[in-house]
Amino acid sequence: MKAAIFYGKEDIQIHEVAPRPLKPGEVRIQIAAALTCGTDLKVFKRGYHAKMLTPPSPFGHELAGTISEIAETRSVSPSASTGRWKMGDRVVVANSAPCGSCFFCKNGRENLCDDLLFLNGAYAETIAVPARLVEKNMLRLKPKTRFEDAALAEPLACVAQGMDDLNLRKGQHVLVLGAGPIGLMFVALAKHLGCRASVAGRGSNRLRAAQQLGADKVFEVGKDGDIWGAVRGSPMAGPPPAARINGGDGSEFDVVIEAIGKPETWEAAVRLVRRGGSVNFFGGCPSGTTISLDTKMIHYSNLALLASFHHTPRTFRKALKLIEAGIVRAKDFVDGEWPLSQLPELFRQMSVENRAIKALVRVRE
Ligand SMILES: [Zn+2]
Ligand SMILES: [Zn+2]
């Protein structure tokens, strides 16, 4: 079969590879939909990921498809076996599964598991799914659920985790920094919850998508990347707002979600939130970067600063429910379709001029 292999910084190659034999408890999925992801793009540009993969590695992790092979079960417990799956089952699988026995797993924080097992290889005709993923994070689709919608479950699970961590309430005004797929999913879920949602980002197609998802205000960020200027209508002048107490300069945002992953936008997020507000540093920045924050502002503005990482089996299931309820659909996020053979070119284009939202990768030609 054809499969994409990630070798390092800006190096993806498509190879003819032999599917590996299945071990007990594993299944093979014939992939029907694979989606590109901002995380994959970051990995492509940076050449590494702290947790997800070590090159050379199969690549891609947002997928849905059909079970095409089942290995015998390794367990006698029917709930923890392949016994409940059959050939032709339509499924979505997450990109990781927790161990279930470490401190974090036992405390409902499986996203922080000491031993998360990651799965990569969505950009391929088939994928072998390890037993732990089959047991913990592979879900059956309803007959009407489209594969490309289901493939959104993984990123949406991360967004659902971010929403849960923020404890958002109806009526709150949320500002999302970044109009990529993750930022847009935050807009969709915030609107679904009954919040006001504004977004600051770049790229007319992305901002149009935000409007279609019901964004109340859309702030177009200029080439200079000045988020503050875009939201406030003027460049930062005089003493930095950091020296004032939040809200004294008209901030209306109860919650600010940073969905870009740059130190300067992490800092802007803290300045843009209202007194008593919450900030979620959702976008992961490059390793080794730091930010500086005004202690007086954080203290006297009573700010809640938090970060969300990854997803849990609970938020993965929640994400599929949201998809099957039609709250989140691929057609709101996917704006291109590419054959697997052109994946290296797709990533090159995305890394230069990242204006696409998400691409559907055709793994069979
Ligand atoms: Zn992803
Ligand atoms: Zn664990």
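Conventions we followed
Residues numbered from 1 in each chain as written. Chains lettered and ligands numbered in written order. Predicted model: local features only at pLDDT ≥ 70, side-chain atom pairs only at ≥ 80, totals over all residues. Pairing = 2+ DSSP bridges. Helix = DSSP H or I, 4+ residues; strand = E, 2+ residues; numbered from the N terminus. Axes fitted to C-alpha atoms, helices over the stretch in contact; angles between N-to-C directions. Contact = placed C-beta atoms within 7 Å. Parallel < 35°, antiparallel > 145°, perpendicular 65-115°, else oblique. Nonpolar A, V, L, I, M, F, W, Y, C, P; charged D, E, K, R; others polar. Buried ≥ 20, exposed ≤ 12 C-beta atoms within 10 Å, placed from the backbone.

## A closer look at the sheet that holds strand E15 (residues 273–281)
Thinking step 1. If you walk across this open sheet you meet the six strands as E13-E12-E11-E14-E15-E16, and the pairing is parallel. Every other strand in the sheet has two partners, leaving strand E13 (217–220) and strand E16 (304–306) as the edge strands with one partner each. On average, each strand axis in the sheet is inclined to that of its neighbour by 15 degrees, with strand direction left out of account.
Thinking step 2. Bridge count between E15 and E16: three bridges; the pairing is parallel. Opposite Asn280, over in E16, you have Leu306 as the bridge partner.
Thinking step 3. With respect to the sheet, helix H6 (residues 181–193) is in contact with strand E11 (173–177), strand E12 (196–201) and strand E14 (253–258), its orientation differing from that of E12 by roughly 170 degrees.

## A few points about the pairing of strand E2 (residues 11–16)
Thinking step 1. Relative to E2, strand E1 (residues 2–8) runs antiparallel, the two being bridged by six bridges. Each residue of the ladder has a partner; that of Phe6, found in E2, is Ile12.
Thinking step 2. Hairpin geometry of E1 and E2 is characterised by an intervening segment of two residues between the two adjacent antiparallel strands and by a positive phi of about 55 degrees at Glu10.

## What about the sheet that holds E2?
Thinking step 1. With antiparallel pairing, the three strands of this open sheet are ordered in space as E2-E1-E4. Either end of the sheet is taken by a strand with one partner, and the two such strands are E2 and strand E4 (57–58).

## What to know about the packing of helix H1 (residues 38–46) against helix H12 (residues 343–352)
Thinking step 1. Put simply, H1 and H12 touch, their axes get as near as 10 Å, and they point 85 degrees apart. With respect to each other, H1 and H12 are oriented roughly perpendicular. Of the residues in H12, those touching H1 at Leu41, Phe44 and Lys45 are Phe347, Met350 and Ser351.
Thinking step 2. Residues that form the contact of H1 with H12 fall into these classes: four nonpolar, one polar and one charged.

## Some remarks on helix H9 (residues 263–272)
Thinking step 1. Burial runs high along H9: seven of the ten residues are buried.
Thinking step 2. For H9, the set of buried residues is Thr265, Trp266, Ala268, Ala269, Val270, Arg271 and Leu272.
Thinking step 3. Tucked inside the fold, the buried residues of H9 contact E11, helix H8 (227–232), E14, E15 and E16.

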